[in-house]
Amino acid sequence: MDSESASAPEGSPTHLVRRRTDRDLDACVRVLARVHERDGYPVNWPERPADWLRQPTLLAAWVAERDGRVAGHVGLARSTADDAAPGLWSRREGVGNRATAVVGRLFVAPGARGRGIGALLLAQAARAARDRGLHPVLDVVASDTAAAALYERLGWELIGTAEQRWGPEQIVTVRCYAAP
């Protein structure tokens, strides 16, 4: 597998992870809306969801297809001063934040879960970070126990918790993880 695409094991339903294109954004927003309705992710629905997926610090993004339809998404971004996980990992390792890349905007359609799609997307983003010489990190809202369980099952290390200000009246606790 190269750093641009990955497939599910032979004999399983057709899963393909490939680079996201602008043509995928409408489908991604529809999937994201279903995820938000069911799970509350993202916590704050963005005014312009397609722009939220295109985030300004984005290095690359991928979609997972299941039987030819977008079933999930992940992005990889440069870290910013507001990101908790890069700061925790960088302090622990004695390197600067620029040594990390942030995995984010990870979601899988509710009807496509339990089929390894999240793991494929996460692996793709982590591989791409390493290909750039960066260590992959991420954070997740502390109350999202399903996502935390996935990361831990895949060997990601909990490196700490932090509080983040997401608005004038909103402070959230996030769990921060680093790839193995």
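Throughout what follows, the structure given in this document is the object of discussion. Remember, it's a predicted structure, so these values are computed and weren't measured experimentally. (Residues numbered from 1 in each chain as written. Predicted model: local features only at pLDDT ≥ 70, side-chain atom pairs only at ≥ 80, totals over all residues. Heavy atoms only, no water.)

## Quick word on the environment of Arg 54
1) Next: Examined against the element boundaries, Arg 54 turns out to sit in the loop between helix 2 (49-53) and strand 3 (58-66).
2) Next: Of the residues examined, Arg 54 reaches a relative accessible area of 38% and is grouped as partly exposed.
3) Next: Between the C-alpha atoms of Arg 54 and Ala 77, which are 23 residues apart in sequence, the distance is 9.9 Å.
4) Next: Each residue touching Arg 54, except ones within four places of it in the same chain, is listed here: Arg 20, Asp 22 and Leu 25. (Helix = DSSP H or I, 4+ residues; strand = E, 2+ residues; numbered from the N terminus. Buried < 20%, exposed > 50% of the residue type's maximum accessible area, 1.4 Å probe, protein only. Contact = heavy atoms within 4.5 Å.)

## Side note on the nonpolar core
The tendency in soluble globular proteins is for nonpolar side chains to be buried as a group.
1) Next: With 43 residues, the main nonpolar core has Leu 53, Trp 62, Val 103, Leu 121, Tyr 151 and Trp 156 as its most contacted residues.
2) Next: Among the secondary structure elements, those contributing two or more residues to this core are helix 1 (25-39), helix 2, strand 3, strand 4 (69-78), strand 5 (100-108), helix 4 (117-131), strand 6 (135-141) and helix 5 (145-153).
3) Next: No other element matches helix 4, which puts eight residues into this core.
4) Next: When residues no more than four places from it in sequence are discounted, the contact partners of Trp 156 are Val 103, Leu 122, Ala 126, Pro 136, Val 137, Leu 138, Tyr 151, Tyr 177, Ala 178, Ala 179 and Pro 180.
5) Next: The next biggest cluster of nonpolar side chains, apart from the first, holds 11 residues, and it includes Ala 85, Trp 89, Ile 159 and Val 174. (Core = buried A, V, L, I, M, F, W, Y, C linked by side-chain atoms within 4.5 Å.)

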